[in-house]
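What the coordinates show
One letter stands for each residue in the lines below.
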2 protein chains.
Amino acid sequence: MIKTTIKNIVTCCTLLFISACDAGNDNNAIWRKLNLNNTVLLTLPHGKVVIELAPQFAPQHVAQFSQLTKQGFYDATKFYRVIDGFVAQAGPKDGSEKDKSVPILAMESEWTTDKTWSFTQVQTQDLFAQQTGFKDSFAVAANPSENKAWLTHCPGTLAMARNNEADSASSHFYFVIGQAPRYLDRIMTVFGRVVYGMQYIQAIQRTSVVEGDYAVDHRDFTAIVKMQLMSDVPETERLLIEVENTESAAFSERLTKRRVRESAFFYKKPPPVLDVCQVPVRSRIVTTK
Amino acid sequence: MIKTTIKNIVTCCTLLFISACDAGNDNNAIWRKLNLNNTVLLTLPHGKVVIELAPQFAPQHVAQFSQLTKQGFYDATKFYRVIDGFVAQAGPKDGSEKDKSVPILAMESEWTTDKTWSFTQVQTQDLFAQQTGFKDSFAVAANPSENKAWLTHCPGTLAMARNNEADSASSHFYFVIGQAPRYLDRIMTVFGRVVYGMQYIQAIQRTSVVEGDYAVDHRDFTAIVKMQLMSDVPETERLLIEVENTESAAFSERLTKRRVRESAFFYKKPPPVLDVCQVPVRSRIVTTK
């Protein structure tokens, strides 16, 4: 690990394999431009974060979250429940007028698949699903025997919080900041993921401390400076991101190389399996203008 | 997730189940005091971190790391390779006299088990091992068919970096800061884990950026202010930690409750399985004096 970066090896192999790196709409393009209407710019006191929303998987959640974002609903709200290794959760003051003003959402935590449904498969028979993989750059899990698929909880996942009832989410949301809590799959609505600035999400002030430690003063909780749809951000301030097209042959090739670990660094080969939440889906900045 | 904290539920259930919370040496004590000679205080510019070393699993690595720590070897060295979602790696300047002065270590990445060997089992047949569980509060994986067991890479794991050759580690080390890179198991020597202050490890300056982003100036890399064995820290400045005794009946009970998810929050029960890297092993501060 001193001089040999596993990720670099994979990238390097991919670059050798691929002769062009054009972004575009064709299925084999390596990079995919984000739709500005489905992209959120979250400004934190210590950095900027970009989120891709997933209206194709959770349309009502994305519609409501986008609408609230456009209204400036989240500006100045705080991350009030931040547990290291688990989640960073934000929203308006519980039970406040603002909180109660938002309509309740019906769960959109999974969908029914048919014979035509497909995705880029990563693994079969992990602990929580018959299959895992990627669809539109989102980590997905599926149980073909039930004709069901769902967005799965990985680090960087954005999902809506709720009370005990299934259909009780409204505006409170959380980012996963620790080892994938896959047991929340199918019972929480995942509707986006961090595509840039995860290090700033990881630096959000924890609100929960271990027994015996000093409590964190609520005035020190991390506040959202501003949350905007990227299409509403003035052009000169936009952060334009492209993400890997997980439907491309290049991405499949990268998965294969990651699985077999050909580098000399792996003097003993690990099991040829992949944890879908441990496979990086790369992003790049096209321009900051 | 708004009002119902999964971890709180589990804690609560455990507290109901357990009538005493004494620390001690008996096998059923809920908490275990750390041995100050196997505990490291890592002072970062933004917070203090406590690490438990594992001489019972990687004796030579712990001996060398402890010796270097006692000498002040790591003071003022930097985290020069920090990749979000992967690892934060530190050590002296590559190829420097200081770097070359340290003896090379032989791999201690797994051990042979016999019939008498036991651990607190968490799961069978995960992606990377026949069994997973805990031993002395460390996450462990095992393949009984090969009579082998090993410390597994989870978030917070401390391991020694190396070059391509198996036996090439010396002083460079890394913390896992993302989804468990289990494919590094058995080919890297894990020799400790963070038991306090993981949020400060997560806040270490990333040195790697996405394509198109500004490079991070090396002057901004996070430096180690001081690294000391806790036994060498003046008594008034010690951070005394206890960790959950993973061999206790209480911990096994907690595992069971975590697996079955009885809370009403789980209106639909997830698969009754556990990812060993997603099971919290709690710590508490006994005193900061």
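What you see is a predicted model, and the numbers here were worked out from it, not measured in a lab.

What counts and what doesn't
Residues numbered from 1 in each chain as written. Chains lettered and ligands numbered in written order. Predicted model: local features only at pLDDT ≥ 70, side-chain atom pairs only at ≥ 80, totals over all residues. Heavy atoms only, no water. Helix = DSSP H or I, 4+ residues; strand = E, 2+ residues; numbered from the N terminus. Rg over C-alpha atoms; globule rule 2.2 N^0.38 Å. Buried < 20%, exposed > 50% of the residue type's maximum accessible area, 1.4 Å probe, protein only. Contact = heavy atoms within 4.5 Å. Areas by Shrake-Rupley, 256 points an atom, 1.4 Å probe, with all protein chains shown as cover. 1 Å grid on protein atoms, 1.4 Å probe; cavity = no way out; pocket = protein on both sides within 12 Å on 5 of 7 lines; lining within 4 Å. Points joined across faces, edges and corners; volume = space filled by probe spheres on them. Nonpolar A, V, L, I, M, F, W, Y, C, P; charged D, E, K, R; others polar. Expected span 1.5 Å × (residues − 1). Pairing = 2+ DSSP bridges. Axes fitted to C-alpha atoms, helices over the stretch in contact; angles between N-to-C directions. Least-squares fit on C-alpha atoms with pLDDT ≥ 70 in both. Disulfide = S-S within 2.5 Å. Buried area = accessible area lost by both parts, 1.4 Å probe. Salt bridge = Lys/Arg side-chain N within 4 Å of Asp/Glu carboxyl O. Polar contact = N/O pair within 3.5 Å; in protein donor to acceptor, adjacent residues only side chain to side chain. pLDDT = per-residue confidence, 0-100. Phe/Tyr/Trp six-rings, centres within 6.5 Å; stacked < 30°, edge-to-face > 60°. Lys NZ or Arg CZ within 6 Å of the ring centre and 35° of its normal.

This part is about the overall build of chain A. Helix and strand counts for chain A come out as five helices and 16 strands. Its C-alpha atoms give chain A a radius of gyration of 19 Å, within 12% of the compact-globule value 19 Å for 289 residues. When its C-alpha atoms are laid out on the principal axes, chain A stretches across 55 × 45 × 45 Å. Within the span of chain A, comprising 289 residues, buried residues form 57% of the whole. Restricting the contact set of chain A to residue pairs at least 6 apart, pairs at least 24 apart contribute 70%. When the accessible surface of chain A is totalled, it reaches about 11600 Å², and 51% of it is carbon and sulfur.

Let us look at empty space enclosed by the protein. This structure, assessed with the given rule, holds seven cavities of 30 Å³ or more. In this model, the largest cavity occupies a volume close to 190 Å³. Along its surface, the largest cavity is lined by 14 residues, and L127, Q179 and D275 of chain A together with L127 and D275 of chain B are the ones closest to its centre. Taken together, the residues of the lining of the largest cavity break down into six nonpolar, two polar and six charged.

Here the focus is helix α2 (residues 59-70) of chain A. Spacing of three or four residues puts side chains on the same side of an α-helix, whose turn is 3.6 residues. All names here are of chain A. Here α2 contains twelve residues, and its C-alpha end-to-end distance of 16 Å stays within 8% of the 16 Å for a straight helix at 1.5 Å per residue. Three or more residues of α2 are buried, namely H61, V62, Q64, F65, S66, L68 and T69. Along its buried surface, α2 packs onto β2 (39-44), β3 (47-53), β11 (157-160), β12 (173-176), β13 (189-196) and β14 (226-229). G72 sits one or two residues past α2 and shows a positive phi near 80°.

Moving on, we get to the sheet that holds strand β15 (residues 240-244) of chain B. Residues and elements named next belong to chain B. Strand order in this open sheet of three strands is β1-β15-β16, and the pairing throughout is antiparallel. Whereas interior strands pair on both sides, the edge strands pair on one side only; in this sheet they are β1 (31-33) and β16 (283-287). This sheet shows a mean twist of 35° between the axes of neighbouring strands, independent of strand direction. Across four bridges, the pairing between β15 and β16 is antiparallel. If you follow E242 over to β16, its bridge partner there is R284.

The subject of this paragraph is the sheet that holds β11 of chain A. Residues and elements named next belong to chain A. The antiparallel open sheet is built from eight strands, whose spatial order is β4-β5-β12-β11-β13-β3-β2-β14. The open sheet has two edge strands, β4 (78-82) and β14, and neither has a second partner. Pairs of neighbouring strands in the sheet enclose a mean axial angle of 30°, with direction left out of account. Pairing of β2 with β14 involves four bridges; the strand directions are antiparallel. When the sheet's bridge partners are listed, L41 is paired in β14 with Q228. Across the sheet, α2 touches β2, β3, β11, β12, β13 and β14, and the angle it forms with β14 is around 120°.

Each copy superposes on the other: chain B lies on chain A with an RMSD of 0.0 Å after a rotation of 180° and an axial shift of 0.0 Å. The transformation just described matches what one would write down for a two-fold rotation axis. With an isologous cut-off of 70% or more, the 100% of interface residues of chain B that recur at the interface of chain A puts this contact in the isologous class.

To continue, consider the state of the cysteines. Residue and element names in this part refer to chain A. In this structure the tally under the stated criterion is two disulfides over all chains. The disulfide bridge from C154 ends at C277, spanning 2.0 Å between sulfur atoms. A torsion of -70° about the S-S bond marks the disulfide between C154 and C277 as left-handed. Here C154 is found in the loop between β10 (148-151) and β11, whereas its partner C277 is found in the loop between α5 (249-260) and β16 (283-287), with 123 residues between them in sequence. The two residues C154 and C277 agree in class, both being buried.

In terms of backbone geometry, most residues other than glycine have negative phi values and most peptide bonds are trans. Here D136 of chain B, not a glycine, exhibits a phi torsion of approximately 55°, which is positive. Along the chain, D136 of chain B falls in the loop between β8 (131-135) and β9 (138-143).

It is worth spelling out the interface of chain B and chain A at this point. On the chain A side, the residues contacting the 69 residues of chain B number 70 residues. Of the roughly 6200 Å² buried at the junction of chain B and chain A (both faces included), carbon and sulfur atoms supply 58%. Where chain B packs against chain A, one counts four salt bridges. A salt bridge links R284 of chain A to E211 of chain B, with the nearest nitrogen and oxygen atoms 3.3 Å apart. Here chain B is connected to chain A by twelve residue pairs in polar contact (both at pLDDT 80 or more). Sorting the residues of the side of chain B that touches chain A by element identifies α1 (6-17), β4 (78-82), β5 (87-91), β7 (120-124), α4 (198-202) and β16 of chain B as the ones contributing at least two each.

On to the confidence of the model for chain A. Residue and element names in this part refer to chain A. When pLDDT is averaged along chain A, the result is 92; 90% of the residues meet or exceed 70. Note that pLDDT drops below 50 for residues 1-25; the model gives that stretch 65 contacts with residues more than four away or on any other chain. Here the complex is predicted with pTM 0.91, and the ipTM for its interfaces comes to 0.91.

Here we come to the packing of aromatic side chains. Here the structure, examined in full by the defined rule, presents 30 aromatic pairs over all chains. Aromatic side chains F266 of chain A and Y183 of chain B sit 6.1 Å apart centroid to centroid with 45° between the ring planes, which places their arrangement in the tilted category. Of this pair, F266 of chain A sits in the loop between α5 and β16 while Y183 of chain B sits in the loop between β12 (173-176) and β13 (189-196), which puts the two residues in different chains. Judged by relative accessible area, F266 of chain A falls into the buried class, the value being 3%. Classification of Y183 of chain B by relative accessible area gives buried; the value is 2%. When the centroid spacing of 6.1 Å and the interplanar angle of 65° are considered together, the rings of W111 of chain B and W117 of chain B count as edge-to-face. Looking at W117 of chain B, the relative accessible area reads 22%, which means it is partly exposed. Counting every residue linked through ring pairs, the aromatic cluster contains F65, F73, Y74, F79, F173, F175 and F191 of chain A. Residue placement shows R186 of chain A over the ring face of W150 of chain A; its charged tip is 4.2 Å from the ring centre. In this structure, R193 of chain B is placed above the aromatic ring of F138 of chain B, and the distance from its NZ or CZ to the ring centre is 5.7 Å.

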